[in-house]
Amino acid sequence: MANRTDPAAKSIRGTNPQNLVEKIVRSKIYQNTYWKEQCFGLTAETLVDKAMELDHIGGTYGGNRKPTPFMCLVMKMLQIQPEKDIVVEFIKNDDYKYVRVLGAFYLRLTGIDSDIYRYLEPLYNDYRKVRLKSPEGNFTLTHVDEVIDELLTKDYSYDIALPRIKKRWTLESLGALDARKSVLEDDFEEEEEKDENEQDDLEEEVAHEKDYYQTRSPARERDRDRRRDSHRHRDRDYERDRDYDRERGRGRDRDRDRERDRDRDRDRYRLREEKDYGRERERDREREGRERDRRDRDRGRRRSHSRSRSRSKDRKRHARSSISPRRHEPEDGSAREEPKKKKEKNEKKDDGTDHPDPEIAEANRIRASLGLKPLKL
Amino acid sequence: MIEVVLNDRLGKKVRVKCNEDDTIGDLKKLVAAQTGTRADKIRIQKWYTVYKDHITLKDYEIHDGLGLELYYN
């Protein structure tokens, strides 16, 4: 008797509104003492009082999957079906955040798409904290705008499957909604301008460093080379070769430079294995210094030319291997290790998805997608 | 690697391959992947013992071919 929907209530999505909550959770709510004691004979007005007493939100918790009072009230609202004005009042009220969340949740379950976006998006600005009961039974902290975001993006919340709504851009193209205007839009524009300014500053910096290097003497550069050579046992040969070449006074043909660039590439690739950025940058600078020493002719044009070229190459090479050109700039560690790993392991995968037995391979694939280790055979 | 059979006596009988050191929570995820229910809706029991999520199969002494009961929350 008490669990029957109001016969005057309209059906939602073609079914009894209470059926929005699935059977098992529904029976759990009906058996709950809060439901039996407090939610008996509630009307829209008395519901408001009960909602004001709420102090946490959540789905079912514990080993028994006990529902929270929040869920019981949602169920009650589905049962009595308050008017849309009342629900909007719930949402608009500013004092009681749990009443707000309750109204928002109910609207998400029962409202039409455009209404949902229209009324729930302003709630993105509400950043108050709310208490959330986790499925284990502990309390955690979340915020009103996080809850709203979940309601608008996920399809399952607080143990209730949220009905599907159209995407925002669909509604925009239909003309039912205006384009989304975020309150933070002005802040974003400022940030964009700041980023653009920073880009310009970076380029200026490069120009400044050129001047800085001009003042360093070649002798000092050479001393630094020697000191550094002592603790770079791996690259000592390359260093020595280069110094030797320099002392010999080899020509500064374009080809020579290119060879040197290539050597530098190889060194740089090796260096990256050690992941020593500081050393590398010094090396780059020292290399720049050496380049400058060798250039008598076309100093102005050549220097800026090569330096900008090599510099941009430097920047790019920091994230790319010199051997295989890549389109994207992936994260540093993985990018460098991946080409090596791929070379070493050929095509043997370490999560067992290439096992000869198809069943095991399939099982391993599922495990990998869930984040589990492969089967131990 | 062991293979466990889960039966809910309503028509769903699932054979799942898993490691002994997987936890019950992992097993629930595997079952969810195979049956299509959500992992947190599944309850695995043996008679009246409800198996907890954080304990491994090895500690529960679940061996190869053991039949478990599948219930829903």
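Please read these numbers as outputs of a predicted model, since none were measured by experiment.

Below, the discussion takes up the overall build of chain A. Check the secondary structure of chain A and you find 17 helices and seven strands. When the 377 residues of chain A are sorted by exposure, 40% land in the buried category. In chain A, the proportion of contacts linking residues at least 24 apart, taken out of those at least 6 apart, comes to 62%. On chain A, roughly 23200 Å² of surface is accessible, and the fraction owed to carbon and sulfur atoms is 47%.

Before going further, it helps to spend a moment on the packing of helix 17 (residues 358–370) of chain A against helix 1 (residues 24–35) of chain B. Between helix 17 of chain A and helix 1 of chain B, the shortest axis-to-axis distance is 11 Å and the interhelical angle comes to 115 degrees. Crossing handedness for the pair helix 17 of chain A and helix 1 of chain B: right-handed. Taking contact as the criterion, the partners of Ile-366, Arg-367 and Leu-370 of chain A in helix 17 of chain A are, on helix 1 of chain B, Lys-29, Leu-30 and Ala-33 of chain B. By residue class, the composition of the contact of helix 17 of chain A with helix 1 of chain B is four nonpolar, no polar and two charged.

Another aspect to go through is the pairing of strand 2 (residues 13–18) of chain B. Residue and element names in this part refer to chain B. With six bridges joining them, strand 1 (residues 2–7) and strand 2 adopt antiparallel strand pairing. The residue of strand 2 that forms the bridge with Glu-3 is Lys-17. Here strand 1 folds back onto strand 2, and the loop between the two strands holds five residues, one of which, Arg-9, carries a positive phi near 60 degrees.

Quick notes on the rules
- Residues numbered from 1 in each chain as written.
- Chains lettered and ligands numbered in written order.
- Predicted model: local features only at pLDDT ≥ 70, side-chain atom pairs only at ≥ 80, totals over all residues.
- Heavy atoms only, no water.
- Helix = DSSP H or I, 4+ residues; strand = E, 2+ residues; numbered from the N terminus.
- Buried < 20%, exposed > 50% of the residue type's maximum accessible area, 1.4 Å probe, protein only.
- Contact = heavy atoms within 4.5 Å.
- Areas by Shrake-Rupley, 256 points an atom, 1.4 Å probe, with all protein chains shown as cover.
- Axes fitted to C-alpha atoms, helices over the stretch in contact; angles between N-to-C directions.
- Left-handed = near helix turned anticlockwise from the far one by under 90°.
- Nonpolar A, V, L, I, M, F, W, Y, C, P; charged D, E, K, R; others polar.
- Pairing = 2+ DSSP bridges.

Honestly, it's all geometry; don't read function into it.
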